[in-house]
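# Overview (structure and organization)
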Amino acid sequence: MTRVLIVDDDPLVRTALTMMLTGADGITVVGEAADGAAGLAAAREHRPDVVLMDIRMPTMDGLAATEALRARPDAPEVIVLTTFDADEFVLRALRAGAGGFLLKDTPPPQLVAAIKAVAAGEASLSPTVTRQLITHVAGPPPPAAQARAALARLSEREREVALAIGAGMSNAEIGTRLFMSVATVKAHVSRILTKLDLNNRVQIALLAHDAAR
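Rules of the game
- Residues numbered from 1 in each chain as written.
- Predicted model: local features only at pLDDT ≥ 70, side-chain atom pairs only at ≥ 80, totals over all residues.
- Heavy atoms only, no water.
- Helix = DSSP H or I, 4+ residues; strand = E, 2+ residues; numbered from the N terminus.
- Buried < 20%, exposed > 50% of the residue type's maximum accessible area, 1.4 Å probe, protein only.
- Contact = heavy atoms within 4.5 Å.
- Areas by Shrake-Rupley, 256 points an atom, 1.4 Å probe, with all protein chains shown as cover.
- UniProt positions renumbered as here; feature names shortened; annotations may be inferred.
- Axes fitted to C-alpha atoms, helices over the stretch in contact; angles between N-to-C directions.
- Parallel < 35°, antiparallel > 145°, perpendicular 65-115°, else oblique.
- Left-handed = near helix turned anticlockwise from the far one by under 90°.
- Pairing = 2+ DSSP bridges.
- Arc of directions from axis to C-beta.
- Core = buried A, V, L, I, M, F, W, Y, C linked by side-chain atoms within 4.5 Å.

The name given to the chain in an unreviewed UniProt entry is DNA-binding response regulator, with Spirilliplanes yamanashiensis as the source organism.

Given below as structure tokens:
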């Protein structure tokens, strides 16, 4: 079972998400919290696999909470929730280690699929959303030279995989383009994350985008 914690300051949103996820195959809601500080405490108590994290909250916002959660040795995955498809804080949350981005009106089947994908180490961003987010959401990127230097530390094959991730391609699509199995693609992704000390494939995509600036 994938254990889910819901962090949102709107009780109606928390209730709706809990109702949507209750009964979903392979998912159980282990707790709720009304702000980032309470979310950190709840995560410590309930040890969720995935946290659904609102961005704009009182006391401690979702960005600070995401940074604190992802810094933990036993960090859960985080999916950012927002009502805007170009929220200025979303990119910062993804840079902090969030594994996905969803609008609050995401249909239940897609929400469930996103939670399972992130729990399995995939990104919950569709290629379309990835490209839109990286292209249009404002946020100060690291210097392009720094990003290019990071990519230069990879092997040629690993760089090809990293650039494909930056283009919003799934593992299956990367395998087809580069003539390798999905298992081999996953192995390359794991090595990229280790070499560059990144949290997830979303950060690989951001790095590839920064290098192209």
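A word on the overall build of the chain. If you tally the helices and strands in the chain, you get eleven helices and five strands. Counting every position in the chain, which comprises 213 residues, the buried fraction comes to 48%. The contacts in the chain between residues at least 6 apart in sequence include a share of 67% that link residues at least 24 apart. Accessible area for the chain stands at about 9,900 Å²; split by element, carbon and sulfur atoms hold 56% of it.

UniProt's entry tags Asp54 with the feature "modified residue: 4-aspartylphosphate" (unreviewed entry), counted in the numbering of this structure. With respect to the helices, strands and loops of the structure, Asp54 is situated in strand S3 (residues 50-54). Its relative accessible area of 5% is what places Asp54 among the buried residues. Not counting residues within four places of it along the chain, the set of residues in contact with Asp54 comprises Val7, Asp8, Asp9, Gly62, Leu81 and Lys104.

Before going further, it helps to spend a moment on the packing of helix H2 (residues 36-46) against helix H3 (residues 62-70). Across the interface, H2 lies against H3 with an axial gap of 9 Å and an inter-helix angle of 25°. What the angle tells us is that H2 and H3 run roughly parallel. Here H2 runs over H3; the crossing is right-handed. For the pair formed by H2 and H3, the contact residues are Gly36, Leu40 and Ala43 on the first element and Ala65, Ala68 and Leu69 on the second.

Pairing is parallel across the open sheet formed by five strands, whose spatial order is S2-S1-S3-S4-S5. Two strands close off the open sheet at either side, each with one partner strand: strand S2 (27-33) and strand S5 (100-103). With strand direction ignored, the average angle separating the axes of adjacent strands in the sheet is 25°. The pairing of strand S1 (residues 2-7) with S2 spans six bridges and is parallel. In the sheet register, Val4 faces S2, and the bridge partner there is Val29. Its contacts with the sheet place H2 against S1 and S2, and it is angled at close to 160° to S1. Here H3 sits on the sheet and contacts S3 and strand S4 (77-82); the angle it forms with S3, its principal contact strand, is near 160°.

It is worth spelling out helix H7 (residues 144-152) at this point. Those residues of H7 that sit buried are Ala144, Ala147, Ala150 and Leu151. One side of H7 holds all its buried residues, which, seen down the axis, span an arc of 120°. Away from its buried face by more than 90 degrees, H7 exposes Ala145, Gln146 and Ala152.

Within the sequence span of H3, burial applies to Gly62, Leu63, Ala65, Thr66, Leu69 and Arg70. Axial view of H3: buried residues confined to an arc of 165°, hence all on one face. Where the residues of H3 are buried, they touch H2, S3, S4 and helix H4 (90-95).

Here the focus is the nonpolar core. If you look at soluble globular proteins, the nonpolar side chains tend to sit buried side by side. In terms of nonpolar packing, the biggest core is built from 23 residues, with Val7, Val51, Met53 and Leu69 touching the most fellow members. Elements with a minimum of two residues in this core: S1, H2, S3, H3, S4, H4 and helix H11 (201-211). Among the elements that line this core, the one with the most residues is H4, at four residues. Once residues within four sequence positions are removed from consideration, Val7 is found in contact with Ala33, Asp35, Gly36, Gly39, Val51, Leu52, Met53, Asp54 and Met57. The next biggest cluster of nonpolar side chains, apart from the first, holds 21 residues, and it includes Ala162, Leu178, Val185 and Ile204.

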